[in-house]
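# Working through the structure, step by step
Chain by chain, the residues run as shown.
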Amino acid sequence: MIASALALLMMQVGPNPSIDAFPGLPDELRDRPERPQARDRADTASPAQGKLADCVNLARGDAEAARDYAQKWREAAATQLELAQSAHCLGIAFVREGEFAEAQRAFDLATDEVPLGAPAYQSRLAAMSGNAAMAQDQPAIADIAFGRAVTLATQADDAPLLASVLIDRARALVALERNDEAVATLEKARGNDPANARAWLLSATLSRRLERLGEAREQIAQAALLAPQDPAVGLEAGVIAALSGREQEARRSFESVLLVAPDSDEAKRARGYLEQLQS
């Protein structure tokens, strides 16, 4: 029975890595304002930060109004930082409208307009540009933007931020089928932020798709320690266990997904896998 179940699982997950192995747009590219960084004085010391938050909040409910707000803000901008932040919010508005090419251009503009002394803010904006390119299925362009984000995060000496943009770059590398580079990039991400559960989860996903199940088991175990309530972690743990011939362990992982997030997409997939294991 387990052999047939494994065959079905293999048909669904596939042995090769692909872009759909990784989550889609990160929260920062959706609609929330950037986290202020203490070392980014140019980013945090301005009253324009309040305007950015207002504009991003507006974009949640009315993207067109946020776009108009951002354009008017640009026309009246008193500082270089305001120019950058208005372009930042313009990009968010375009994302909300599904206009990813326009969003990418806005984020690139914002990155270039950030005044000296705020490399962490620039890094986040460059990463947003990369994610907008990924949304257009342009991983080669995204890789350039993510490479810039990595350089800027390194300049900022911000290890958690560096880990985050390295994860983003790994997604582009997977899409480009540069798997060894993606593995090394995720390893760097884990080294810079060992507490980043997403880095361990995506490492496990990639290892599993490369049929490195021993590494995948170790990586997903660490992800589970860091994020025990994450349904994506539970789902991946179940798939890895099933492909490793550990049927009972796989069942427990899939059932845990149903407990912690019964209405999630992961739960829907977990139910399907459980049905396969029972057949």
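Look up: the structure comes first, before these words.
Parameters and conventions
- Residues numbered from 1 in each chain as written.
- Predicted model: local features only at pLDDT ≥ 70, side-chain atom pairs only at ≥ 80, totals over all residues.
- Heavy atoms only, no water.
- Helix = DSSP H or I, 4+ residues; strand = E, 2+ residues; numbered from the N terminus.
- Expected span 1.5 Å × (residues − 1).
- Buried < 20%, exposed > 50% of the residue type's maximum accessible area, 1.4 Å probe, protein only.
- Contact = heavy atoms within 4.5 Å.
- Phe/Tyr/Trp six-rings, centres within 6.5 Å; stacked < 30°, edge-to-face > 60°.
- Salt bridge = Lys/Arg side-chain N within 4 Å of Asp/Glu carboxyl O.
- Disulfide = S-S within 2.5 Å.
- Axes fitted to C-alpha atoms, helices over the stretch in contact; angles between N-to-C directions.
- Parallel < 35°, antiparallel > 145°, perpendicular 65-115°, else oblique.
- Left-handed = near helix turned anticlockwise from the far one by under 90°.

## Observations regarding helix H9 (residues 139-156)
Residues spaced three or four apart along an α-helix face the same direction, because each turn holds 3.6 residues. Counted at 1.5 Å a residue, the expected span for H9 with its 18 residues is 26 Å, and the 25 Å between its end C-alpha atoms agrees. Every buried residue belonging to H9 is among Pro-139, Ala-142, Asp-143, Ala-145, Phe-146, Gly-147, Ala-149, Val-150, Leu-152, Ala-153 and Ala-156, and all of these are buried. Residues of H9 that are buried in the fold lie against helix H7 (100-113), helix H8 (119-135) and helix H10 (159-175). Following H9 by one or two positions, Asp-157 adopts a phi angle in the positive range, close to 55°.

## Some remarks on the packing of aromatic side chains
For the structure shown, the criterion picks out 2 aromatic pairs. Where Tyr-69 meets Trp-73, the ring centres are 6.2 Å apart and the plane angle is 75°; that geometry is what we call edge-to-face. Taken together, the residues Tyr-69 and Trp-73, both in helix H5 (residues 63-76) and 4 residues apart, mark about one turn of the helix. Note on Tyr-69: relative accessible area 29%, which makes it partly exposed.

## Remarks on the pattern of salt bridges
Should their charged atoms come close, side chains of opposite charge can pair. If you walk through the whole model with that rule in mind, you get 13 salt bridges. For the salt bridge of Arg-74 with Glu-113, the shortest nitrogen-to-oxygen distance reads 2.8 Å. Here Arg-74, found in helix H5, pairs with Glu-113, found in helix H7; they are 39 residues apart in sequence, far enough to count as distant. What makes Arg-74 buried here is its relative accessible area of 19%.

## Remarks on the state of the cysteines
Under the counting rule described, the total for this entry stands at 1 disulfide. Between the sulfur atoms of Cys-55 and its disulfide mate Cys-89 the distance is 2.0 Å. Between Cys-55 and Cys-89, the S-S torsion sits near -95°, and that sign places the bridge as left-handed. With a gap of 34 residues between them, Cys-55 in helix H4 (residues 48-61) and Cys-89 in helix H6 (residues 80-96) connect regions that are remote in the sequence. The two residues Cys-55 and Cys-89 agree in class, both being buried.

## Details of the packing of H6 against H8
Interaxial distance between H6 and H8 falls to 12 Å at its minimum, and their mutual angle equals 25°. Of the possible angle classes, the one that applies to H6 and H8 is roughly parallel. Where H6 crosses over H8, the handedness of that crossing is left-handed. In this structure, H6 contributes Leu-81, Ala-84, Gln-85, His-88 and Ile-92 to the contact, and H8 contributes Tyr-121, Leu-125 and Met-128.

These figures capture arrangement, not role.
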